[in-house]
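Okay, here's what each chain looks like letter by letter:
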Amino acid sequence: MKKYLFGICLLLSSTIVLAEDVVVRRDTVRDTIVVREVVREYVLDTGCVKKAKKKQPIEVKFEVRSDWNSEFAKNEPFNSAFNVSFVNFILNGNITDKLSYHYRQRLNRVNLTEGDGLNLLRSIDKAYFDYDFNPQWRISAGKMVLGLGGWEYDAPPIDIYFASEFWNNIACYQMGIKGMYTTRDGKSSIVAQVTNSPFNPKMLGGLYAYNLMWYGSYGCFHSAYSANMLEYERGRFLGSVSLGNMFDFGPMHVELDYMWRYAGKGNPFRDFTLTALVKGNILGWASVHAKVGYDENLIDDCHPLTAYGHQNLFYGLGVEAYPIKKQDFFRLHAYWYQNDVLNEGLKNHYLTLGVTFRLTAFKR
C-alpha cells in the first residue's frame, strides 16, 4: 500500500512540475449547471471526495460526451458532423483524512504525434493536492482553476454547451497555490490564490495572477465573487471584478453573472461580459433552460480575452433529460443557440444533439 500511495504522489508531483500552464477551453460549447449538481471548484466539498476519518485512497472516473453538431448561416453552406467532445479521466482520493489529491485529464486532447509531449501536458486540466488543517482552513498547490468569479466560469466544461466569448478564450487552468478559509457555519468561504498569469508567453514568462474570491451560500442565494489582477507585462495588470449570483427557488434555478475588466486606459466601462441563465426542473428527471449573454470590448488594451471592437450577443434554448430513474450517470441533451457579432453583422445558428456518460470505474 505504501508503494501504491507513493506512486500516486510521484505521478501528481511530476505532473505539477511539468504541466504546461496554458490550457484554453476552446474545444467546448456551453449549457449550464444541473440544479442538483452545482459544482464549486474551490469550496470544501469538491463533489469528488467525501471527507471522512476512514481513508479512501482512490476513486477513478470516466466522463464521455458525444454530440452531433450543426452550423448554419445566411448564404453559407450547412455544416454538420458527429464529434466526441469530451473523454475525461478523473482520479481523486484521500491519502490521509487531511491530505487529498485531484487529477483530471481530457484524453480526447492527447496527440502524441507532436513529438515533444506538450500536447499531452496541455490535456491535463487539474493536478493538485489539498491539505485541510481543520474544517476551516485549507491550502492547495498544483495545477488548478484560475480563481475568477461567476457561475458560468465555474461550471465543469463537460456541462457547457454554449458560452460567452470570454469563457471560450480564457486560459483557465494554471499552476499556483491557494489558501481558503471557511466560516464555522459553512456559509462563506474566502479564497486567496496566486497562479501563473494566463498571459504568460512561455513556461518561464515571469507573469502572475493574484486572485481573491468569496463564495457565499445564504438560503436561496449563492455568490461567486472575485477581484483579480492579471499581469500581462512585467508590472502591468489587467484588473477584473466578477459578480456571480445564483438563486434557487424550488425547481427554478437562476444565474446572473457580470465581469468588468480594465487595464488602465480608455473608458473603464466598455470592457465587460454579462450572462443570464434560467433553468427549470421538470418532473425531477428533465430540465429546460434559456440563456443569453453579451461580450463587449471597446477599449484598445492588452488582452485577447474578448476581441477588440467586438459587441457579441448570444442566446439560446436547451433541454436535458436523465431517462434512467434515480440515476444521473446518463444524460441526453439538445440545444439551439444563435451568435450575433453586432458590429460586423454576422449571425450564426447552431443546433446540437448529444449524450453524456459519467461512470465510476473504481472506488476503494
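Residues numbered from 1 in each chain as written. Predicted model: local features only at pLDDT ≥ 70, side-chain atom pairs only at ≥ 80, totals over all residues. Heavy atoms only, no water.

1. A word on the overall build of the chain
Reasoning step 1: Secondary structure summary: the chain contains 4 helices and 16 strands in total.
Reasoning step 2: Burial statistics for the chain: of 364 residues in total, 51% are counted as buried.
Reasoning step 3: Sequence-distant contacts, at least 24 apart, represent 59% of the contacts inside the chain between residues at least 6 apart.
Reasoning step 4: For the chain, the exposed area adds up to about 16,800 Å²; of that, 64% sits on carbon and sulfur atoms. (Helix = DSSP H or I, 4+ residues; strand = E, 2+ residues; numbered from the N terminus. Buried < 20%, exposed > 50% of the residue type's maximum accessible area, 1.4 Å probe, protein only. Contact = heavy atoms within 4.5 Å. Areas by Shrake-Rupley, 256 points an atom, 1.4 Å probe, with all protein chains shown as cover.)

2. With respect to the nonpolar core
Across soluble globular proteins, nonpolar side chains have a tendency to be buried as a group.
Reasoning step 1: Ranked by internal contacts, the top residues of the largest apolar core, which has 16 residues, are L146, L148, Y153, F166, I170 and L238.
Reasoning step 2: Among the nonpolar cores identified, the runner-up in size contains 9 residues, and I95, Y103, A127 and F129 belong to it. (Core = buried A, V, L, I, M, F, W, Y, C linked by side-chain atoms within 4.5 Å.)

3. Some points on the pattern of salt bridges
Reasoning step 1: Scanning the model with the defined rule gives 15 salt bridges in all.
Reasoning step 2: For D132, the salt bridge is made with R138, and the minimal N-O distance between the two is 2.7 Å. No difference in accessibility class separates D132 from R138, as the two residues are buried.
Reasoning step 3: With a shortest N-O distance of 3.4 Å, E233 and R236 are connected by a salt bridge.
Reasoning step 4: According to the relative accessible area criterion, R236 is partly exposed, its value standing at 41%. (Salt bridge = Lys/Arg side-chain N within 4 Å of Asp/Glu carboxyl O.)

4. Side note on the packing of aromatic side chains
Reasoning step 1: As enumerated under the stated definition, the model contains 23 aromatic pairs in all.
Reasoning step 2: Their ring planes at 45° and their centres at 5.8 Å tell us that F272 and Y294 sit as a pair that is tilted. Separated by 22 residues along the polypeptide, F272 in strand β12 (residues 271-282) and Y294 in strand β13 (residues 286-297) bring together distant segments of the chain. Across the pair, exposure class does not vary: F272 and Y294 are buried alike.
Reasoning step 3: Following the ring pairs from residue to residue traces out a cluster consisting of Y161, F162, F314, Y335, Y337 and Y350.
Reasoning step 4: Lying over the aromatic face of Y128, K178 brings its terminal NZ or CZ to 5.7 Å of the ring centre. (Phe/Tyr/Trp six-rings, centres within 6.5 Å; stacked < 30°, edge-to-face > 60°. Lys NZ or Arg CZ within 6 Å of the ring centre and 35° of its normal.)

5. Notes on the confidence of the model for the chain
Reasoning step 1: Residues with a pLDDT of 70 or more make up 82% of the chain, whose mean pLDDT is 84.
Reasoning step 2: Confidence over residues 1-6 falls short of pLDDT 50; this stretch has 5 contacts with residues more than four positions distant or in other chains. (pLDDT = per-residue confidence, 0-100.)

6. Considerations on unusual backbone geometry
Reasoning step 1: Backbone geometry at L283 places phi at a positive 60°, although glycine is not the residue there.
Reasoning step 2: You can call L283 exposed: its relative accessible area is 72%.

7. A look at the environment of K98
Reasoning step 1: When you line up the elements, K98 lands in the loop between β2 (79-94) and β3 (99-106).
Reasoning step 2: Within the local environment of K98, its side chain forms a polar contact with the backbone oxygen of F133, the two atoms lying 2.9 Å apart. (Polar contact = N/O pair within 3.5 Å; in protein donor to acceptor, adjacent residues only side chain to side chain.)

8. A short note on a nonpolar patch on the surface
Reasoning step 1: Side chains of I177, V194, Y208, Y210 and M229 sit close together on the surface and give an oily, nonpolar patch of about 440 Å² of accessible area.
Reasoning step 2: Among the structural elements, Y210 can be located in strand β8 (residues 208-218).
Reasoning step 3: Taking the relative accessible area as the measure of exposure, Y210 reaches 37% and is therefore partly exposed. (Patch = residues over 30% accessible without salt bridge, like charges linked within 9 Å, V, L, I, M, F, W, Y side chains within 5 Å.)

9. Considering the side chain of E152
Reasoning step 1: Assignment of secondary structure puts E152 in helix α3 (residues 151-154).
Reasoning step 2: A polar contact is formed between the side chain of E152 and the side chain of S164, at a distance of 2.9 Å.

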